[in-house]
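# Examining the three-dimensional arrangement
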Amino acid sequence: MACLAALLLAALAMPANGQTVLTTGAYSFSDELGGFHITSASGNGSRDDPFVITEELNSATPVTLTIRAVKPIQPFGAAAEFANGILNMRIDVLNNGGQGWIEFQFELQSILGQPSTDDDGLSFDQPNKTPDYIASSGFADYYREMAPYDRLLFRSGKVDPLKTATFDFLITDLVPKKIFWLVQEPRIPLS
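Quick summary incoming for the structure in this document. (Residues numbered from 1 in each chain as written. Predicted model: local features only at pLDDT ≥ 70, side-chain atom pairs only at ≥ 80, totals over all residues. Heavy atoms only, no water.)

## Comments concerning the overall build of the protein
Within the protein, the secondary structure is distributed over 1 helix and 13 strands. In the protein, the succession of α and β elements from N to C terminus is α-β-β-β-β-β-β-β-β-β-β-β-β-β. In terms of its C-alpha atoms, the protein occupies a principal-axis envelope of roughly 55 × 35 × 30 Å. When each of the 191 residues of the protein is scored for burial, the buried share is 44%. When the accessible surface of the protein is summed, it comes to about 9300 Å², and 58% of that surface belongs to carbon and sulfur atoms. Each charge sign in the protein was given a centre, from 13 positive and 22 negative side chains, and these centres are 1 Å apart. (Helix = DSSP H or I, 4+ residues; strand = E, 2+ residues; numbered from the N terminus. Buried < 20%, exposed > 50% of the residue type's maximum accessible area, 1.4 Å probe, protein only. Areas by Shrake-Rupley, 256 points an atom, 1.4 Å probe, with all protein chains shown as cover. Lys, Arg positive; Asp, Glu negative; His and termini not counted. Charge placed at Lys NZ, Arg CZ, Asp CG, Glu CD.)

## As for the environment of Val70
Here Val70 is to be found in the loop between strand E5 (63-69) and strand E6 (86-95). Residue classification places Val70 among the partly exposed residues on the basis of a relative accessible area of 41%. Sequence separation between Val70 and Asp150 is 80 residues; the distance between their C-alpha atoms is 24 Å. In this structure Val70 touches Thr23, Gly25, Ala26, Tyr27 and Ser28, once residues within four positions along its chain are discounted. (Contact = heavy atoms within 4.5 Å.)

## Some thoughts on the pairing of strand E10 (residues 139-145)
In this structure, E10 lies alongside strand E11 (residues 151-157), joined through 6 bridges in antiparallel fashion. Residue Glu145 lies in a different strand from E11, and its bridge partner there is Arg151. What sits between the antiparallel neighbours E10 and E11 is a turn of 5 residues. (Pairing = 2+ DSSP bridges.)

## Notes on the packing of aromatic side chains
Here a ring pair, both rings aromatic, is described through the centre-centre distance and the interplanar angle of the planes. Under the counting rule described, the total for this entry stands at 12 aromatic pairs. Here Phe104 and Phe106 contribute two aromatic rings whose centre-to-centre distance is 5.1 Å and whose plane-to-plane angle is 50°, an arrangement assigned as tilted. Comparing Phe104 with Phe106, the two get one shared label, buried. Members of the aromatic cluster, connected to one another through ring pairs, are Trp101, Phe104, Phe106, Phe124, Phe139, Tyr142, Phe154, Phe167 and Phe169. (Phe/Tyr/Trp six-rings, centres within 6.5 Å; stacked < 30°, edge-to-face > 60°.)

## Examining the sheet that holds E10
Whenever strands of a sheet pair, they do so through backbone hydrogen bonds, lying parallel or antiparallel. On the basis of which strands lie adjacent, the open sheet formed by 7 strands has the order E1-E2-E5-E13-E7-E11-E10 and antiparallel pairing. Edge strands, defined here as strands with exactly one partner in the open sheet, are strand E1 (21-24) and E10. With strand direction ignored, the average angle separating the axes of adjacent strands in the sheet is 20°. Pairing between strand E2 (residues 27-30) and E5: 4 bridges, direction antiparallel. If you follow Ser30 over to E5, its bridge partner there is Thr66. (Axes fitted to C-alpha atoms, helices over the stretch in contact; angles between N-to-C directions.)

## A word on a nonpolar patch on the surface
Residues Phe76, Leu174 and Val175 make up a contiguous nonpolar surface patch of about 350 Å² in total accessible area. In this structure, Leu174 sits in the loop between strand E12 (164-173) and strand E13 (179-187). (Patch = residues over 30% accessible without salt bridge, like charges linked within 9 Å, V, L, I, M, F, W, Y side chains within 5 Å. Salt bridge = Lys/Arg side-chain N within 4 Å of Asp/Glu carboxyl O.)

## Some details on the pattern of salt bridges
Throughout the structure, instances matching the rule amount to 10 salt bridges. Residues Arg151 and Glu107 are paired through a salt bridge, measuring 2.6 Å at the closest nitrogen-oxygen approach. Placement of Arg151 in strand E11 and of Glu107 in strand E7 (residues 103-109) is noted, with a sequence separation of 44 residues between them. Several salt bridges converge on common partners, so that one network encompasses Glu103, Glu185 and Arg187.

Okay, structure coming up:
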């Protein structure tokens, strides 16, 4: 019976097209748009139990993580039971692209292919002017661009090939959506 359950979970995590969709808490995380691989997901998105998404990037081109609510939406509801629009995130990214990264940017999108704007409720915790939870193992500081777009740029550091960088931040979705996207862009030296 345990083997059957393990096979069923593996089948649910790996759709027929070879992309991975992993569900944890009230959300699913998918690499369905290609260019990278999700290898694990855990947590419920609360501050005490953040979502921990482990990924592998095979190039220095931007990739897009698809995030879907898989449980009922209830703003400020319990993190494990509802898609509440508060997503404490830790993303562990393996640089398997052969070139060192000198910066790493995240961008939120409520419409695929279009940067998030002030009126969609999606941000990197825009109301908090002095966040103490944004950090990275590979970069010393960050810059939040909150208008007209929602971007978070980690800088002053590097991530060598075959090394992993950890990124901690908070996504707030004040008008919780069924689906939104997180673009991830590693940056390499120009010369």
